[in-house]
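Examination of the molecular architecture
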Amino acid sequence: MKPASLWPDHHLPAHHVPPPWPGREVRLDGTVTYVRDTPATGADAEPALYVHGLGGSAQNWTDLAGLLADRLDGQAIDLPGFGRSEPGRRYTIPAFADRVVRWIEQSDRGPVHLFGNSLGGAISVRVAALRPDLVRTLTLISPALPFLDFRRSLQGRMLPLLAIPRGERLAAWRLTQLAPEMMAQQVLEACIADLTRISEQRRLEAVEEIRIRYEASHYAAAYLRTFRGLVSSFLRSYLPGAGSLWRLAATVRAPTLVIGGRADRLVDVRVAPQAARVIADSRLLMLDGVGHVAQLEVPRTVARAVLALLADARRHGPLAGTEASARRRDMAG
């Protein structure tokens, strides 16, 4: 592990607030996955894929993807059951990782520069560990890797729902009790440390995202089942066996950037430094006064760290070694 570097700010485009990038429905293994494309502005741009967190969507990457468009030809997907994608059959880390792998394979864009925030970070770690051939670099923003002290997360208060039969009905009822504007405000307050950094346009987009959730009958079940799958993966990671996300992280060989916000209220702030220690070729950036979604709150800082990662990876290449490939089959379960 080493400290992350920051590329000079003047290499980035001038500040503006772009609208969400154009999206399209693609059929993948019989169901619809929604994909947003950020057109590359540079002739030598390389493929990138962005994976959102629990309750998020592809829109969470609008600003960062735009800032990186000169270097990266970006795509952001809505995971099954979230955003505008159709519901899935299973809501587990392995199931989501399989969907990401299938999209990279079907789109024939790999290897990609892979980005993951929160739940998307856990998914991306699994993809990078089991399919190193598909990942050029890995960027993890507040990755939801395992921790056991749920007092360090606002989502710990959801744990009782997991013990209630048909808890998704209670979650769905709760969704209907708040106006979209109020729910969006609560989501932003949980994820963002300094709300003055969020433009009015982004706030209105968050309200629209909530409206979409209200209209999707599957959303509450998808959210709760995903949360249950995430908690289950946390517990398994501290037991013997091949399913540990921490053991998978230790096999990642892609050049990696790990970003954490010291004001994160959803993932234990100790997780990002631990992830950087576990992943061999890693760089760590801890941001004071920043919450759970640094790519939304301070996108220019995140973009500068990503550009430094890309330059470093191009200079030195990934670490030698085939451990991840050799262990891929054994760890797949």
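Shown above is the structure to which this text applies.
These lines cover the structure that appears in this document, whether it is placed above or below. Worth saying up front: this structure is predicted, and the values here are computed from it rather than measured.

Taken as a whole and judged by the stated rule, the model has 21 salt bridges. The shortest N-O distance in the salt bridge between R102 and E105 comes to 3.7 Å. Placement of the pair is R102 and E105 together in helix α2 (residues 93–107), with a separation of three residues, close to one helical turn. For R197, the salt bridge identified is with E297, shortest N-O distance 2.7 Å. In this pair, R197 is assigned in the loop between α6 (180–191) and α7 (200–215) and E297 in helix α11 (residues 294–297), connecting sequence segments 100 residues apart. Beyond isolated ion pairs, a larger network of salt bridges with shared partners links K2, D281, R283, D312 and R315.

Our next topic: the packing of α2 against helix α3 (residues 119–130). Close contact between α2 and α3 brings their axes to 9 Å; oriented N to C, the two are set at 70 degrees. Of the possible angle classes, the one that applies to α2 and α3 is roughly perpendicular. Once α2 is placed against α3, the crossing between them reads as right-handed. Across from I93, P94, F96, A97, V100 and V101 in α2, the residues of α3 making contact are L119, A122, I123, R126 and V127. Taken together, the residues of the contact of α2 with α3 sort by class into 10 nonpolar, no polar and one charged.

Our next topic: the packing of α6 against α7. Contact geometry of α6 with α7 gives a least axis separation of 8 Å together with a crossing angle of 115 degrees. In this structure, α6 crosses over α7, and the sense of that crossing is right-handed. Residues P180, E181, M183, A184, V187 and L188 of α6 touch α7, and the partners they reach there are R203, A206, V207, I210, R211, R213 and Y214. Counted by class, the contact of α6 with α7 contains nine nonpolar, no polar and four charged residues.

Let us now look at unusual backbone geometry. Omega for the bond connecting G110 with P111 falls within 30 degrees of zero, at 0 degrees, which places this linkage in the cis form. Non-glycine residue D108 carries a positive phi angle of around 55 degrees. Following the sequence through the fold, D108 ends up in the loop between α2 and β6 (112–117). For D108, a relative accessible area of 67% corresponds to the exposed category.

Definitions and limits used
- Residues numbered from 1 in each chain as written.
- Predicted model: local features only at pLDDT ≥ 70, side-chain atom pairs only at ≥ 80, totals over all residues.
- Heavy atoms only, no water.
- Salt bridge = Lys/Arg side-chain N within 4 Å of Asp/Glu carboxyl O.
- Helix = DSSP H or I, 4+ residues; strand = E, 2+ residues; numbered from the N terminus.
- Axes fitted to C-alpha atoms, helices over the stretch in contact; angles between N-to-C directions.
- Parallel < 35°, antiparallel > 145°, perpendicular 65-115°, else oblique.
- Left-handed = near helix turned anticlockwise from the far one by under 90°.
- Contact = heavy atoms within 4.5 Å.
- Nonpolar A, V, L, I, M, F, W, Y, C, P; charged D, E, K, R; others polar.
- Buried < 20%, exposed > 50% of the residue type's maximum accessible area, 1.4 Å probe, protein only.

Keep in mind that these numbers describe shape and distance, not what the molecule does.
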